[in-house]
Amino acid sequence: MKDIPLLLIHGFPFDHAMWFSTIASLGANAKVLAPDLPGFGRNAILMQEDPSLEAMADFLIRFMDQNQMASAVIAGMSMGGYVALSLAENYPTRLAGLGLISSQTAADSDETRKGRFETIKKIRAAGPGVILDSLVPKLFAREKWKNPDLRGYPERGAKAAGVDGLCWALEAMAKRTDRTAMARSLNIPILVVHGMEDQIIPFAKARELAESCQKPILIELPGVGHSSPLEAPDPVASGLARLMTKCREQAGPGRSADSSDADPSLPQS
């Protein structure tokens, strides 16, 4: 599978480290890059840009250009899926395939949008830690969130992002548009991976999305919550491998989905 690169986009409030186990499961034959989004990990927020998924997608296009990636299979978890959808809409020729992991195509409801802005106020008043007690239990299947190894990922991610990174991302997600019709129009393989115990995005939405896509691959994960790459890295990796195979088949014999000379890589930021 070295003829097709895979770009993995982390969720909120994680960073690229959330993909380590999934990447290990994919094995050495996969060319994988997993950058930190602006405001997360070691990357600063986009100070000159208003918060938006489009600004994040532009950032990833620059990242792809720097790594000589003409196109890639692009997969994102939760917020990362929202960014991948923005990229698919605005840069359709750069995608060989799309992966939506614990994500959705719908915009926020009025209630959810209001909640995001209320969360921004709380973070600015009391710091990043103020959201973790309420958020972390929802990020995993019930009882799993008590696992210190699992909950350490969002805790470290939120701390590294800080007030500015978290608030910028929350506002960007709140302002996103509905991309359901766009996703249905895509004539590329689309992987939908979803935990059946997801407490943030109901599994029924994932099934409905997969059924509406032209070339879907649906992976159902029993006993798994919202953070599927951490809770079930092997099945997530298996789904991504299937997606890359489908994309390679669509590219046709003797054709590469990417003409990049970039070196195979583990996560970069």
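Before any of the text, the structure's been laid out above.
Owing to the predicted nature of the structure, the values given are computational and were not obtained by experimental measurement.

Cut-offs used in this document
Residues numbered from 1 in each chain as written. Predicted model: local features only at pLDDT ≥ 70, side-chain atom pairs only at ≥ 80, totals over all residues. Heavy atoms only, no water. Pairing = 2+ DSSP bridges. Helix = DSSP H or I, 4+ residues; strand = E, 2+ residues; numbered from the N terminus. Axes fitted to C-alpha atoms, helices over the stretch in contact; angles between N-to-C directions. Contact = heavy atoms within 4.5 Å. Buried < 20%, exposed > 50% of the residue type's maximum accessible area, 1.4 Å probe, protein only. Right-handed = clockwise from strand over helix to strand, strands pointing away. Arc of directions from axis to C-beta.

(A) Spotlight on the sheet that holds strand β1 (residues 5–9). If you walk across this open sheet you meet the six strands as β2-β1-β3-β4-β5-β6, and the pairing is parallel. The outermost strands of the open sheet, each flanked by one partner alone, are β2 (31–33) and β6 (216–221). The mean inter-strand angle of the sheet, taken between neighbouring strand axes irrespective of direction, is 15°. The pairing of strand β4 (residues 95–101) with strand β5 (residues 190–195) spans four bridges and is parallel. Across the sheet, Leu 100 pairs through a bridge with Val 192, a residue of β5. Sheet contacts for helix α10 (residues 233–251): β1, β3 (72–77), β4, β5 and β6; angle to β6, the most-contacted strand, approximately 175°.

(B) Highlighting unusual backbone geometry. The step from Phe 12 to Pro 13 runs through a cis peptide bond, and the omega angle for that step is 0°. The topology assignment puts Pro 13 in the loop between β1 and α1 (20–26). If you check the backbone angles, Ser 102 has positive phi at about 50° while not being a glycine. Residue position: Ser 102 is located in the loop between β4 and α4 (110–126).

(C) Molecular detail of the pairing of β6. Only one face of β6 is buried: it carries Ile 217, Ile 219 and Leu 221, and the other face, with Pro 216, Leu 218 and Glu 220, is open. Taking the sense of rotation as the criterion, the β-α-β connection linking β5, helix α8 (residues 203–212) and β6 turns out right-handed.

(D) Inspection of the environment of Pro 235 at higher detail. Take Pro 235: it is sitting in helix α10. Here the alpha-carbon distance between Pro 235 and Gln 48, two residues 187 residues apart in the chain, equals 39 Å. Apart from residues lying up to four places away in sequence, Pro 235 is in contact with Ile 219 and Leu 221.

(E) Layout of α8. Every buried residue belonging to α8 is among Phe 203, Ala 206, Leu 209 and Ala 210, and all of these are buried. Looking down the long axis of α8, one finds its buried residues gathered within 120° of arc, a one-sided arrangement. Along α8, exposed side chains directed more than 90 degrees from the buried face belong to Ala 204, Glu 208 and Glu 211. The inward-facing, buried residues of α8 abut β4, β5 and β6.

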